[in-house]
Amino acid sequence: MKLIIILLIAKAGFSLAYPQNSTQTSILGTWQAAELENSTIEVYEAEDGYIYGKIIASDEKDWINEIVLKKVKYDTKQKAWKGLVYNLRLYFDINVALTLESDKKLKIVGSRWYMSRTFYWSR
């Protein structure tokens, strides 16, 4: 009985010290991106453990099924997701940081060299 109690206390202590970070997966789902020709983007976790985003609907029909978010991982120090966003107009990857402003608003900051651009996706 004492062993069970000790194990339960240890498990509770471990859970408090290392909580499951639900914010790491809270960007998963479907997002609307007005700046990408009113595209709908499905953000998902792939088998390699990274998060990706694929256009599933768009006013620009050629963009459907294009991967726009690549190799995104949660950075615990900066409390943001870091990875790459693919620029469909210029055909190159841009470093990106994503932060959840609310359950329905995702802030995306793309930067390349000394330039950056901020835009928002919504649910």
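Residues numbered from 1 in each chain as written. Predicted model: local features only at pLDDT ≥ 70, side-chain atom pairs only at ≥ 80, totals over all residues. Heavy atoms only, no water.

Caption draft 1: Representation of the overall build of the protein in the model. Counting its regular elements, the protein contains one helix and eight strands. Each helix and strand of the protein, ordered N terminal to C terminal, gives the series α-β-β-β-β-β-β-β-β. Residues counted as buried form 28% of the 123 residues belonging to the protein. In the protein, the proportion of contacts linking residues at least 24 apart, taken out of those at least 6 apart, comes to 24%. (Helix = DSSP H or I, 4+ residues; strand = E, 2+ residues; numbered from the N terminus. Buried < 20%, exposed > 50% of the residue type's maximum accessible area, 1.4 Å probe, protein only. Contact = heavy atoms within 4.5 Å.)

Caption draft 2: Geometry of the side chain of Thr-40. Tracing the chain through its elements places Thr-40 in strand 2 (residues 39–45). On the basis of relative accessibility, which here comes to 13%, the residue Thr-40 falls in the buried class. Among the polar contacts made by the side chain of Thr-40, one reaches the side chain of Gln-32 at a distance of 3.0 Å. Here Thr-40 is in contact with Thr-30, Trp-31, Gln-32, Lys-54, Ile-55, Ile-56 and Ala-57, once residues within four sequence places are set aside. (Polar contact = N/O pair within 3.5 Å; in protein donor to acceptor, adjacent residues only side chain to side chain.)

Caption draft 3: How the structure looks around the nonpolar core. Counting 24 residues, the largest nonpolar core has Ile-41, Val-43, Leu-69, Leu-98 and Trp-121 as its most contacted members. Within the residue set of this core, elements represented by two or more residues are strand 1 (29–33), strand 2, strand 3 (51–57), strand 4 (67–75), strand 5 (80–87), strand 6 (92–102), strand 7 (105–112) and strand 8 (115–122). With four residues, strand 4 is the single largest residue contributor to this core. (Core = buried A, V, L, I, M, F, W, Y, C linked by side-chain atoms within 4.5 Å.)

Caption draft 4: Representation of the confidence of the model for the protein within the structure. Residues with a pLDDT of 70 or more make up 80% of the protein, whose mean pLDDT is 84. Mean pLDDT values over the elements of the protein span from 41, in helix 1 (residues 2–17), up to 97, in strand 3. Predicted confidence is poor over residues 1–22, with pLDDT under 50, and the contacts of this stretch with residues over four places away or in other chains come to one contact. (pLDDT = per-residue confidence, 0-100.)

Caption draft 5: Highlighting the pairing of strand 2. Here strand 1 runs beside strand 2; their pairing, made up of five bridges, is antiparallel. By the bridge assignment, Trp-31 is partnered in strand 2 with Ile-41. The loop that links strand 2 with its antiparallel partner strand 3 comprises five residues; one of these, Gly-49, has a positive phi angle of about 90°. (Pairing = 2+ DSSP bridges.)

Caption draft 6: View of the pattern of salt bridges. The tally for this structure, following the rule as stated, stands at two salt bridges. Put simply, Arg-89 and Glu-37 hold a salt bridge, and the shortest N to O gap is 2.8 Å. Placement of Arg-89 in the loop between strand 5 and strand 6 and of Glu-37 in the loop between strand 1 and strand 2 is noted, with a sequence separation of 52 residues between them. For Lys-70, the salt bridge identified is with Asp-93, shortest N-O distance 3.1 Å. Of this pair, Lys-70 sits in strand 4 while Asp-93 sits in strand 6, and the two are 23 residues apart along the sequence. Assessed through its relative accessible area of 23%, Lys-70 is described here as partly exposed. (Salt bridge = Lys/Arg side-chain N within 4 Å of Asp/Glu carboxyl O.)

Caption draft 7: Quick look at the environment of Lys-104. With respect to the helices and strands, the residue Lys-104 is situated in the loop between strand 6 and strand 7. In this structure the C-alpha to C-alpha distance between Lys-104 and Ile-27, which are 77 residues apart in sequence, comes to 9.4 Å. The residues contacting Lys-104, other than those within four sequence positions of it, are Trp-31, Trp-121, Ser-122 and Arg-123.

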